Amino acid sequence: MPSSTMPSPPKPPIHVAIIGGGITGVILALGLQHRNIPFTLYERLPALTELGAGIGFSPNAERALALVDPEVHRVYKRVAPTRAGGLMEYFQWADGHGSNEVVARLAIGVDAFQGGRRADFVEAWAALVEGGRVRFGMELVDCRMKEGGDGRVVMRFADGEEEEADVVIGCDGIHSLTRRLILGPSSPSSRPSYTGKYCYRSLVPMAHATALLGPARTTSRSKSLNRFLYLGPDAHVVTYPVARDQFLNVLLVVTDPDPTWRGGKGEGEGKERHHTAPGDKEDALRAVEGWNPAIRALVGLLPDALQKWAIFDMHEHPAPRYYGLDQEGGGGCGCGSLLAVAGDAAHAAGPHLGSGAGFGVEDALVLAELLEAVGEKLQLLQQDEGEGGKEKKKKADLCRAALVAYNNVRYERTQWLPGATRAVCALFHGQNEAVRRDDWDTVMQETSKRFHTIWDYDVGEMVEEARREFEKVVGA
Ligand SMILES: Cc1cc2nc3c(=O)[nH]c(=O)nc-3n(C[C@H](O)[C@H](O)[C@H](O)COP(=O)(O)OP(=O)(O)OC[C@H]3O[C@@H](n4cnc5c(N)ncnc54)[C@H](O)[C@@H]3O)c2cc1C
């Protein structure tokens, strides 16, 4: 049939608000767009921006990207450097304090866990989002249920503007306002905690890095493999090439002798605490004092002026759930059950297993599928019953059911990540009382099993389970 004679598709029945345009929010937007679910993404900044620093997407995350939308995956592959020759990739652990020899290797896969500059990924994905779907300079400050039992959420933004949606997904990062709205300001889970680690991150020009360490330890064109972790007491350094070998991403993670983060200003209710503080190369070099000269020289390639990034997470005060209740005892905003959190807003973890963004991608996939399931059910209902008050009530009920199903499917896995990440960092820094720092076999085994819990996850089955869970919650 020619397209002009095709009946127009039925009006998709829900409107989703996404708060925050980090990786989780952008991938959720693309997942909804692919499924023809209307949405608006609200970002407080004037553009979708990310740091120049590097990021890697673990194999589970890559599989999830392909299920979000094959085009999203294609763009990922365009940005991430594909190695010719189908070589197996490894993480390699070297004794950064002693010999600088490789002490353990962990096979990842072929063209797997590819790294790149965050900004390059986000820019390429953001270009896929259809025009008019993203509103910049929109900082959410509050949410409430619309009066009159309409089953819609009213969002208020910093400039006083109000907007409505059927369901709101907070992808607003570790300092999430939406989490605070769900749980209430007095909940300890409203704020993340300092892990006692901070990091320095920088992109070092590849020519300098290669001159120091050789191509085998730096470039992706080298025949040998290029993702390294240099371990030593109370610190570790992670390196991998980004931007098609223009730079080596260098991340130095340091155990803070002071377990209280004093860099932040702690500005009070509703304000983010500042998790960066001025640092410098001297401090970075102190962290690797007495280490192998090559690793000291590598840290010496960092710029003189550096910023310390405190690593906070949700391990000490985990969110009890990722959606709200209508009657929130802890002082939540009252539209809780049509409001959920995803990505770092729900379960922020440190970077040591390289999986925070990947877990945000998995969340986004589940949410996109469940909100599609809501749309499908509503279309059936509309055909059966026509529009009206009953349908509006049903819409809110189905959106609630989707958020509960999302929580039930994602909670256990995502809650595991912050603790597993802390445990791995303790092994790297020689702070696990049961495992000697240089007992490389045990360090490797303990680390490998956690990586594999992340990487081997069946994201296809996760989607199936989410759909089954939705039916169960709807039927309950
Ligand atoms: C050093 C380091 C290295 C890492 N390496 C990796 C890695 O290799 N692989 C990996 O998978 N993960 C890695 N991670 C973790 C990963 O960076 C995060 O898990 C991920 O970026 C979180 O994305 P997000 O979209 O959930 O949150 P964010 O990136 O924090 O995005 C939140 C967005 O919401 C916006 N926002 C906030 N509040 C509001 C509001 N009220 N209204 C409107 N907008 C708002 C913000 O401006 C921001 O754009 C690393 C983390 C660190 C610190």
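Above: the structure in question.
Computed from a predicted model, the values in this text were never measured in an experiment.

Colleague: Mind showing me how you'd approach the overall build of the chain here?
Modeller: The number of helices and strands found in the chain is 13 helices and 18 strands. Going through the 476 residues of the chain one by one, you find that 56% of them count as buried. Within the chain, contacts between residues at least 6 apart in sequence are counted, and of these 73% link residues at least 24 apart. By element, 51% of the accessible surface of the chain is carried by carbon and sulfur atoms, the whole surface being about 19400 Å².

Colleague: I keep staring at the layout of surface pockets and nothing clicks. Help me out?
Modeller: The method is simple in principle: a probe with the dimensions of a water molecule rolls over the atoms, and the space it marks as empty is what remains. Here the second largest pocket defines a volume of roughly 230 Å³. Lining the second largest pocket are 17 residues, and of these Tyr-198, Asp-256, Pro-257, Asp-283 and Lys-308 lie nearest its centre. The element best represented in the lining of the second largest pocket is helix α7 (residues 281-287), accounting for 3 residues. A breakdown of the residues in the lining of the second largest pocket according to their chemical character gives 7 nonpolar, 3 polar and 7 charged.

Colleague: Looking at this structure, I do not really get the environment of Glu-282. What am I missing?
Modeller: Counting through the fold element by element, Glu-282 comes out in helix α7. Sequence spacing of Glu-282 and Leu-306 is 24 residues, and the spatial spacing of their C-alpha atoms is 9.7 Å.

Colleague: Would you explain the site of the ligand in this entry?
Modeller: Within the structure, the ligand sits among 30 residues, and Thr-24, Glu-43, Gly-56, Arg-118 and Asp-344 are positioned closest to it. In the environment of the ligand, a nitrogen atom lies 3.1 Å from a nitrogen or oxygen atom belonging to the backbone of Gly-354. Between an oxygen atom of the ligand and a main-chain N or O atom of Ala-357, the distance comes to 3.0 Å. Look at the ligand: alone it shows 1000 Å² of surface, and the protein chains cover 86% of it. Counting residues per element, the ones that place at least two in the shell around the ligand are α1 (23-34), β2 (39-43), β3 (54-56) and α10 (356-385). The greatest single-element share of the shell around the ligand, amounting to 3 residues, is contributed by α10. Taken together, the residues of the shell around the ligand sort by class into 11 nonpolar, 11 polar and 8 charged.

Colleague: Which parts of the structure should I look at to understand the packing of α1 against helix α4 (residues 118-126)?
Modeller: When two helices pack together, their arrangement is given by the angle between their axes and by how far apart the axes lie. Contact geometry for α1 and α4: axes closest at 10 Å, N-to-C directions at 25°. Judged on the interaxial angle alone, α4 and α1 are roughly parallel. Helix-helix and strand crossings are classified by hand; for α1 and α4 the assignment is left-handed. In contact with Ile-23, Val-26, Ile-27 and Leu-30 of α1, α4 contributes Val-122, Trp-125 and Ala-126. Residue classes in the contact of α1 with α4 are distributed as 7 nonpolar, no polar and no charged.

Colleague: What exactly am I supposed to notice about the sheet that holds strand β1 (residues 16-19) here?
Modeller: Hydrogen bonds along the backbone pair up the strands of a sheet, which may run parallel or antiparallel. The strand order β7-β2-β1-β11-β18 describes an open sheet built from 5 strands, whose pairing is parallel. With partners counted over all chains shown, the strands left at the sheet margins are β7 (134-136) and β18 (339-341), one partner each. Taking each pair of neighbouring strands and ignoring which way they run, the sheet shows an average axis angle of 20°. When β1 meets β2, the two strands line up parallel, connected through 4 bridges. When the bridges of β2 are listed, Ile-18 appears paired with Leu-41. Lying on the sheet, α1 is in contact with β1, β2 and β11 (167-170); it crosses β2 at an angle near 165°.

Colleague: Teacher, can you tell me more about the nonpolar core here?
Modeller: As a rule of thumb, nonpolar side chains are buried together in soluble globular proteins. Ranked by size, the top nonpolar core spans 121 residues in total, and within it Val-16, Phe-57, Trp-125, Met-155 and Ile-169 carry the most contacts. Tallying contributions element by element places α10 first for this core, with 13 residues. Once residues lying within four places of it in the same chain are set aside, the contact partners of Ile-169 are Val-16, Ala-17, Ile-18, Ile-19, Leu-28, Ala-340, Ala-342, Leu-367 and Leu-403.

Colleague: Please clarify how the packing of aromatic side chains should be interpreted in this entry.
Modeller: How two aromatic rings sit relative to each other is given by the distance of their centres and the angle of their planes. One pass over the full model with this rule turns up 20 aromatic pairs. Measuring from ring centre to ring centre gives 6.0 Å for Phe-91 and Trp-455, while their planes differ by 45°; the resulting arrangement is tilted. Here Phe-91 is found in strand β4 (residues 88-95), whereas its partner Trp-455 is found in helix α12 (residues 440-455), with 364 residues between them in sequence. Under the relative-accessibility criterion, Phe-91 is labelled buried at 10%. For Trp-455, a relative accessible area of 2% corresponds to the buried category. Through pairs of rings, three or more aromatic residues link up here, namely Phe-91, Trp-93, Phe-113, Phe-428, Phe-451 and Trp-455. The ring of Phe-359 has Arg-410 sitting right over it, with the charged end atom 5.8 Å from the ring centre.

Cut-offs applied
Residues numbered from 1 in each chain as written. Predicted model: local features only at pLDDT ≥ 70, side-chain atom pairs only at ≥ 80, totals over all residues. Heavy atoms only, no water. Helix = DSSP H or I, 4+ residues; strand = E, 2+ residues; numbered from the N terminus. Buried < 20%, exposed > 50% of the residue type's maximum accessible area, 1.4 Å probe, protein only. Contact = heavy atoms within 4.5 Å. Areas by Shrake-Rupley, 256 points an atom, 1.4 Å probe, with all protein chains shown as cover. 1 Å grid on protein atoms, 1.4 Å probe; cavity = no way out; pocket = protein on both sides within 12 Å on 5 of 7 lines; lining within 4 Å. Points joined across faces, edges and corners; volume = space filled by probe spheres on them. Nonpolar A, V, L, I, M, F, W, Y, C, P; charged D, E, K, R; others polar. Near = heavy atom within 4 Å. Polar contact = N/O pair within 3.5 Å; in protein donor to acceptor, adjacent residues only side chain to side chain. Axes fitted to C-alpha atoms, helices over the stretch in contact; angles between N-to-C directions. Parallel < 35°, antiparallel > 145°, perpendicular 65-115°, else oblique. Left-handed = near helix turned anticlockwise from the far one by under 90°. Pairing = 2+ DSSP bridges. Core = buried A, V, L, I, M, F, W, Y, C linked by side-chain atoms within 4.5 Å. Phe/Tyr/Trp six-rings, centres within 6.5 Å; stacked < 30°, edge-to-face > 60°. Lys NZ or Arg CZ within 6 Å of the ring centre and 35° of its normal.

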